[in-house]
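If you want the building blocks of each chain, they are given just below.
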Amino acid sequence: SMASPALLMRVVASAYSVAEKAATIVRNIMSAGDLGIVEKTGANDLQTKADRLVQMSICSSLARKFPKVTIIGEEELPTDEVTEELIEDGHCEEILKKTCPAQYTGIKEEELVIWVDPLDGTKEYTEGLLDHVTVLIGIAYGGKAIAGVINQPYYNYEAGADAVLGRTIWGVLGLGAFGFQLTEAPAGKHIIVTTRSHSSTLVNDCISALNPDHVIRVGGAGNKIIQLIEGKASAYVFASPGCKKWDTCAPEAILHAVGGKITDIHGNSFQYNKEVKHMNSAGVLATLRNYDYYASRIPNTVKQSLVP
C-alpha cells in the first residue's frame, strides 16, 4: 500500500483548499457591499470584515486539522467560537500526489509555524483595486519559509462576466511552484515594483539609485512577488520598515522554490520561528534573477537608515 503523504504535503494540500475558501469569503463580502472598515493605526492601516472573517476561517480550519502547529495571523481577534460555515475541511488531491522533498519528510506538527495574512492589500481592496489583493499562507520550519500558498481572489476579474475568478499558486522548496507560468522579466531591463501606499523619501531615493527603466507601484507583498515570477518586474524593492512576517513568508517560499531570492535591504534572510519579531524592519529586496546586480546598488545611506 502507498505510504500516507508526509505531514508537510498534507498541510500544503489543506492550506490550498483553505485559501480557496478564503477567496470565496473575500468575494462574498465585497459583493454584499458592506466592507465593515475600521482603521487600526491610521488611514493606511485598515482592517475589513474580510480580514477578520478570513483569518478566523484559515486559522480555525488549519488548527482543527493540525492542532500542534503554531499559527500566527496578522489580525488581533477575539477568540470567539467560529461558526461551522467558516470551516474548510477539504484538501487538494493533486498536491498529495506529489512527493515530499526528502529533507522535509520527518517534520512533526509542533515544528511548523504557519504565517497568515488573511487579506494582503487591504487598502487596495477598499479602493476597488481588486487584482492587488492576495490571501497568504506561509509555512516555516527551522525558522525558514519552506512552503507557501498565495490565492488571488480576483485574478481574471477584468476578463468579463464569464471568466473564472481567482487562482491559487503554491510551492514547496525542493519541489517547485505551481499554478502560474514562470516567466523572466525582459533581459537588460530594470523594472522595479514597489509600494503604492507607503511611499517615503527613503523608498524613492533607493529606487532612483537603481536607475530603473520603469517603476510599478502596486499594493500587497504577495502581488509584488507574483509580478516577479510572471516576468512583469525584475526587482521588488522596499526601503522601509512596513512589511511583516506574514507578508513575506508565503511569497518567499514560492520565490525560493523557483530559484529567486528575497532578503532585507542589507541582504539578511528573514527568520520565521515563532519567537521572532513580526516586523521586517530593514525593508525588502527580492528578485527572480540577478539579485546581486540590485543588492550591490543599494546606497549606504539607505542601509544606514534601516536597522534590522
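Residues numbered from 1 in each chain as written. Predicted model: local features only at pLDDT ≥ 70, side-chain atom pairs only at ≥ 80, totals over all residues. Heavy atoms only, no water.

Helix and strand content of the chain: nine helices and 13 strands. Seen through its principal axes, the chain has C-alpha atoms that stretch 55 × 45 × 40 Å. Within the chain, buried positions represent 54% of all 308 residues. Looking at the chain alone, contacts between residues at least 24 apart form 71% of all its contacts between residues at least 6 apart. Both charge centroids of the chain, one from 28 positive and one from 35 negative side chains, sit 5 Å from each other. (Helix = DSSP H or I, 4+ residues; strand = E, 2+ residues; numbered from the N terminus. Buried < 20%, exposed > 50% of the residue type's maximum accessible area, 1.4 Å probe, protein only. Contact = heavy atoms within 4.5 Å. Lys, Arg positive; Asp, Glu negative; His and termini not counted. Charge placed at Lys NZ, Arg CZ, Asp CG, Glu CD.)

Most of strand β6 (residues 144–152) sits out of view: eight of its nine residues are buried. In the sheet, β6 pairs with strand β7 (residues 167–172) via six bridges, with the strands oriented antiparallel. For Ile150, the partnering residue across the bridge sits in β7 and is Ile169. (Pairing = 2+ DSSP bridges.)

Ranked by size, the top nonpolar core spans 104 residues in total, and within it Leu8, Val12, Ile58, Trp115, Tyr125, Ile137 and Tyr236 carry the most contacts. Per-element tally for this core: the top contributor is helix α1 (residues 7–32), with 14 residues. Formed jointly, this core draws a minimum of three residues from each of two domains, domain 1 (7–178) and domain 2 (191–305). Not counting chain neighbours up to four residues away, the residues in contact with Ile137 comprise Ala15, Val18, Ala19, Ile58, Leu62, Ile114, Trp115, Ala147, Gly148, Val149 and Ala250. (Core = buried A, V, L, I, M, F, W, Y, C linked by side-chain atoms within 4.5 Å. Domains from an automatic or database assignment.)

Here the focus is the pairing of strand β1 (residues 38–42). Pairing of β1 with strand β2 (residues 45–47), which is carried by three bridges, proceeds in the antiparallel orientation. In the strand pairing of β2, Val38 is matched with Gln47. Connecting β1 to the next strand, β2, in antiparallel fashion are two residues.

So, about α1. The end-to-end C-alpha distance of α1 is 37 Å, a good match for the 38 Å that 26 residues give at a rise of 1.5 Å each. Just downstream of α1 lies Gly33, where phi reads positive at about 90°. (Expected span 1.5 Å × (residues − 1).)

Attention shifts here to the sheet that holds strand β12 (residues 261–263). Here five strands make up an open sheet; going across it, the order is β10-β9-β11-β13-β12 and the pairing mixed. One side of each edge strand has no neighbouring strand; the edge strands of this open sheet are β10 (214–217) and β12. Across this sheet, the average inter-strand angle for adjacent strands is 20°, counted without regard to direction. The pairing of strand β9 (residues 191–194) with strand β11 (residues 235–238) spans two bridges and is classified as parallel. Note that in β11 the partner of Val193 across the bridge is Tyr236. Across the sheet, helix α5 (residues 201–209) touches β9, β10 and β11, and the angle it forms with β9 is around 165°. Of the strands in this sheet, β9, β10, β11, β12 and β13 (284–287) are in contact with helix α6 (residues 221–229), which crosses β11 at around 150°. (Axes fitted to C-alpha atoms, helices over the stretch in contact; angles between N-to-C directions.)

With mixed pairing, six strands are arranged side by side in an open sheet as β3-β4-β5-β6-β7-β8. Both edges of this open sheet fall to β3 (70–73) and β8 (176–178), since each of them pairs with a single strand only. Adjacent strand axes in the sheet meet at a mean angle of 15° when their direction is disregarded. On top of the sheet, α1 reaches β4 (112–120), β5 (134–141), β6 and β7; it is set at about 30° to β6, its chief contact. The strands touched by helix α2 (residues 49–65) are β3, β4 and β5; relative to β4, the strand with the most contacts, the crossing angle is about 155°.

Moving on to the side chain of His132. By secondary structure assignment, the location of His132 is in the loop between α4 (122–126) and β5. Not counting the four nearest positions on each side in its chain, His132 is found in contact with Asp120, Glu124, Arg196, Val218, Gly219, Gly220 and Asn223.

When the UniProt feature table is mapped onto this chain, "binding site: Mg(2+)" (unreviewed entry) is found at Glu74, Asp117, Leu119, Asp120 and Asp247. Over a stretch of 174 residues, the named residues converge on one spot in the fold, their C-alpha atoms separated by at most 9.7 Å. The exposure class assigned to Leu119 is buried, which follows from its relative accessible area of 1%. Among all residues touching Leu119, those that are not within four sequence positions of it are Val26, Thr48, Ala50, Asp51, Tyr125, Val133 and Thr134. As for its placement among the helices and strands, Asp120 is situated in strand β4. With residues near it in sequence (within four places) discarded, Asp120 still touches His132, Val133, Thr134, Leu136, Gly220, Ala221, Gly222 and Asp247. One polar contact links the side chain of Asp120 to the main-chain amide nitrogen of Ala221, over a distance of 2.8 Å. (UniProt positions renumbered as here; feature names shortened; annotations may be inferred. Polar contact = N/O pair within 3.5 Å; in protein donor to acceptor, adjacent residues only side chain to side chain.)

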